Amino acid sequence: MREITFQKALEEAVAEEMRRDPRVITMGTDFTGDPIKEFGASRVRFTPISEAVLTGMGLGAAGCGVRPIVNWRMVTFSFVAMDQVVNQASKIRYMFGGQADFPVTYRCSTGGGIGLAAQHSQSPYSMWMHLAGLKIVLPSTPADAKGLLKSAIRDNNPVVSFECSRLATLTGPVPDGDHLVPLGVADVKRTGTDVTIVALAYYVQESLAVADELAREGVSIEVLDPRTLVPMDVETLRASVQKTGRVVIVDEAPATCSAAAEIAALMVEDPDTFRALKAPVRRVCAMPVPVPYSPPLEKAALPSRDDIRAAVHDVLKESV
Amino acid sequence: MTLDKARLVQMLRTMILIREFDERAIQLRLAGKIYGTVHPYVGQEAVAVGVSAQLSVTDRVTSTHRGHGHCIAKGADIRRMMAELFGRVDGYCKGKGGSMHIADFAVGMLGANGIVGGGLPIACGAALAGQLEGKGAVTVCFFGDGAAAEGEFHESLNIASLWKLPIVFVCENNQYAANNPVGVQHPRVDIAAHAAPYDMPGVGVDGNDVLAVHAATADAVTRARRGDGPSLLECKTYRWHFHAMRAARPPETRPAEEIASWKAGDPIARLEQHMVGRALLSPDELRAIRDRVGAELDEAVAFAEASPFPDPKDLMADMFAR
Ligand SMILES: Cc1ncc(C[n+]2csc(CCOP(=O)(O)OP(=O)(O)O)c2C)c(N)n1
Ligand SMILES: [Mg+2]
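Some remarks on the overall build of chain A
A tally of helices and strands in chain A yields 14 helices and 14 strands. Across its three principal axes, chain A shows a C-alpha extent of roughly 60 × 40 × 40 Å. Evaluated residue by residue, chain A yields a buried proportion of 60% over its 320 residues. Of the contacts made within chain A by residues no fewer than 6 positions apart, 81% connect residues no fewer than 24 positions apart. For chain A, the computed accessible surface area is about 11900 Å², with 55% contributed by carbon and sulfur atoms. Side chains of chain A carry 33 positive and 38 negative charges; the gap between the two charge centres is 2 Å.

What about the confidence of the model for chain B?
For chain B, mean pLDDT is 98; residues scoring 70 or higher make up 100% of the total. Here the prediction assigns the complex a pTM of 0.97, and the interface score ipTM is 0.96.

Details of helix α5 (residues 119-133) of chain B
All names here are of chain B. Across its 15 residues, α5 extends 21 Å between first and last C-alpha, which sits within 8% of the 21 Å expected from 1.5 Å per residue. With respect to burial, α5 is a largely interior element, 12 of its 15 residues being buried. Within α5, the full set of buried residues consists of Gly119, Leu120, Pro121, Ile122, Ala123, Cys124, Gly125, Ala126, Ala127, Leu128, Ala129 and Gly130. Residue Gly134 follows α5 closely and has a positive phi angle near 70°.

Observations regarding the pattern of salt bridges
Under the criterion given, the structure shown has 53 salt bridges over all chains. Put simply, A:Asp270 and A:Arg238 hold a salt bridge, and the shortest N to O gap is 4.0 Å. One end of the pair, A:Asp270, is in the loop between α11 (259-268) and α12 (271-276); the other, A:Arg238, is in helix α10 (residues 234-244), with 32 residues separating them in the sequence. Residue A:Arg238 is classed as buried on the basis of its relative accessible area of 18%. With a shortest N-O distance of 2.9 Å, B:Lys33 and B:Glu305 are connected by a salt bridge. With B:Lys33 in the loop between α1 (5-30) and α2 (45-52) and B:Glu305 in helix α10 (residues 283-306), this residue pair connects regions lying 272 residues apart in the sequence. Among the residues examined, B:Lys33 registers a relative accessible area of 37% and is labelled partly exposed. Salt bridges sharing partners connect three or more residues here, namely A:Arg2, A:Lys8, A:Glu12, A:Glu16, A:Glu17, A:Arg20, A:Lys146, A:Lys150, A:Arg154, A:Asp176 and A:Asp178.

Side note on the packing of aromatic side chains
All names here are of chain A. Applying the stated criterion to the full structure yields 11 aromatic pairs over all chains. Ring geometry for Tyr125 against Phe162: centres 5.3 Å apart, planes inclined by 85°, an arrangement best described as edge-to-face. Of this pair, Tyr125 sits in helix α7 (residues 125-129) while Phe162 sits in strand β7 (residues 159-164), placing them 37 residues apart in sequence. On the accessibility criterion, Tyr125 (2% relative accessible area) is buried.

With respect to the sheet that holds strand β12 (residues 228-230) of chain A
All names here are of chain A. What the seven strands build is an open sheet, ordered β3-β2-β4-β5-β7-β6-β12; its pairing is mixed. Two strands bound the open sheet, and with one partner strand each, they are β3 (44-46) and β12. Geometrically, the sheet is characterised by an average inter-axis angle of 20° between neighbouring strands, direction not taken into account. Here strand β5 (residues 105-110) pairs with β7 via six bridges, running parallel. Along β7, the bridge assignment pairs Cys108 with Phe162. Seen against the sheet, helix α3 (residues 51-62) touches β2 (24-28), β4 (67-74) and β5 and runs at an angle of roughly 165° to β4.

Re the site of ligand 1
All names here are of chain B. Near ligand 1 lie 15 residues; those nearest to it are His65, Arg66, Gly114, Gly146 and Asn174. Within the side chain of His65, a nitrogen or oxygen atom sits 2.7 Å from an oxygen atom of ligand 1. Interatomic distance of 2.8 Å between a backbone N/O atom of Gly114 and a nitrogen atom of ligand 1. Here ligand 1, which alone exposes 580 Å², has 70% of that area covered by the protein. Considering only residue class, the shell around ligand 1 consists of six nonpolar, six polar and three charged.

Let's talk about the interface of chain A and chain B
Taken together, the contact between chain A and chain B spans 42 residues of the former and 41 residues of the latter. Here chain A meets chain B over a buried area of about 3300 Å², counting both sides, of which 65% is carbon and sulfur. Sorting the residues of chain A by area buried against chain B places A:Met57, A:Tyr94 and A:Phe96 first, and these three jointly supply 20% of that buried surface. At the junction of chain A and chain B, the tally comes to zero salt bridges.

Side note on the domain arrangement of chain A
Residue and element names in this part refer to chain A. Taken as a whole, chain A is organised into domain 1 (2-174) and domain 2 (187-317). On the domain 2 side, the residues contacting the 27 residues of domain 1 number 27 residues. Interface area for domain 1 against domain 2, summed over the two sides, is near 2100 Å², with a carbon-plus-sulfur share of 59%. Among the residues of domain 1 in contact with domain 2, Met129, Leu138 and Arg166 are the three that bury the most area, contributing 26% of the side total. At the surface where domain 1 touches domain 2, the tally comes to three salt bridges. Between Asp144 and Lys189 there is a salt bridge, and its shortest N-O distance comes to 2.6 Å. Here domain 1 and domain 2 share 16 residue pairs in polar contact (both at pLDDT 80 or more) between them.

Thresholds, definitions, all that
- Residues numbered from 1 in each chain as written.
- Chains lettered and ligands numbered in written order.
- Predicted model: local features only at pLDDT ≥ 70, side-chain atom pairs only at ≥ 80, totals over all residues.
- Heavy atoms only, no water.
- Helix = DSSP H or I, 4+ residues; strand = E, 2+ residues; numbered from the N terminus.
- Buried < 20%, exposed > 50% of the residue type's maximum accessible area, 1.4 Å probe, protein only.
- Contact = heavy atoms within 4.5 Å.
- Areas by Shrake-Rupley, 256 points an atom, 1.4 Å probe, with all protein chains shown as cover.
- Lys, Arg positive; Asp, Glu negative; His and termini not counted.
- Charge placed at Lys NZ, Arg CZ, Asp CG, Glu CD.
- pLDDT = per-residue confidence, 0-100.
- Expected span 1.5 Å × (residues − 1).
- Salt bridge = Lys/Arg side-chain N within 4 Å of Asp/Glu carboxyl O.
- Phe/Tyr/Trp six-rings, centres within 6.5 Å; stacked < 30°, edge-to-face > 60°.
- Pairing = 2+ DSSP bridges.
- Axes fitted to C-alpha atoms, helices over the stretch in contact; angles between N-to-C directions.
- Near = heavy atom within 4 Å.
- Polar contact = N/O pair within 3.5 Å; in protein donor to acceptor, adjacent residues only side chain to side chain.
- Nonpolar A, V, L, I, M, F, W, Y, C, P; charged D, E, K, R; others polar.
- Buried area = accessible area lost by both parts, 1.4 Å probe.
- Domains from an automatic or database assignment.

Listed below in structure tokens is the structure:
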């Protein structure tokens, strides 16, 4: 199979969907390559730095039959458009009684670990999950990045595509042709029997590395990637935890009110999963601080392979 | 352009309908038949009607918290509007939206909006859709004087002009944002002047003169349809009632003389006088218009009351499209 980077996979997704459907347009302050050459300046829109109006324009155009992709670049900048995300995009379909669809895709990079410091190292997807009304994708491999973004563009709802900065240069196999990954379907990235690790984005890759190491110690780890945070594939997650009886949830957002918190609750509030647990649920998340700049501090703020390994050993020791 | 009798009667009828709809809404709210908040449009009817009379059903509008007038002027069905205020399933939003979220996409009414300034970016998106369609559809964005102090206003004017979007920004300067007079919101009370730095025409209009609003809109709509980009109209008007009410009518805080002087310039009376002056309206005809509006409102209320409440089992319906 062809190997390409995560970044290239995302670019291919946009280009293929623009080729496939003339209603798809893309708006942002910058583009890689020269998409105007192929698609023209009316469908590839260089924009001023006006996140609020861009976010609302994507929504308004979507309500009128266009399928816009709005690129915020970093999730950081989307906060300038909070009204349009929180008050408009997440509520517009429901509050109008479903009389129109709003097929808009918002793209943004997310996450820390590359020395960009507090404002440019955020992972706020749980804030968006909380809104009820936005679909949210968070891929961990080039193949998923491409397949999920293509599905997001085809979806008839506002979808936010969180694209992890640390994965941009990751290379991996991507199937040829019209590769789609459905929204709301988790993926078992590695099968195992002793501990389930539910990981997000970059930490899927880190957890797979830890699982390889622990396999040499005779520990069998199953690594799950929800891939879509809304809708969340609860059944697949619960089935794995019911099988292993032990779960560690790994993400680089701080633990408070996080996706990891939501996943933990979804596991323990289900009677069958709760009864199957042999150890308390563990979360490995960022420390509750703005991500600092200096390398040793940044490293201390974000989860590490050591943290994941330690959590796995803890849940193996525990027996309830 | 001199408007013929049929057009003028239609405009007068719509203005009276808008006024009586909101007078009825106030009574229904006081009687506890409807819930939440009512923001009456009474006094500002010439703006919605003068502007919308230049639009066709394929043109689009976005509205505000004070949106009943814009809905009616754009051609929404008052029975479904009333049912929405009553929170019933036959309302435009199946009872999920209420007064501040009425929309009728079928007639190009893209929604009231409970957020001051929130409709401007959405209107720019609708205008972008119109530009891409290439069939000359224009979007009108209604907003208040208060919204002109929001960042979304400035971002919207900037990009609309940059991209020559087919949009008309219509500011209804009713002299107040809630209880704050325009003078405490803007260093210079001249909303239309914001047009110049964004390189578009800005026109101040007597917003209580439906014919003046209609004429100013014609220029702006023509320019937008031609592909020459946006315009900003500032329609100077006044709301006759309180900013908003819930269970009770709030006390009046504005000077009595100010209210009286604006009421003396009643936009409906002014249109009636114009028509009488041109011998286009007899007392009998006026009475017939008013009687018909009253009967339509009675029917709308009956329609709303006969419509069932939504079933709680439908709470989660309409969240996501397939
Ligand atoms: C962003 C935001 N801030 C505050 C409010 C509360 N609010 C509702 S209407 C209103 C006044 C708006 O004034 P204006 O834009 O002039 O419209 P008008 O009420 O006069 O029609 C305010 C402050 C709101 N809905 N949204
Ligand atoms: Mg006002």
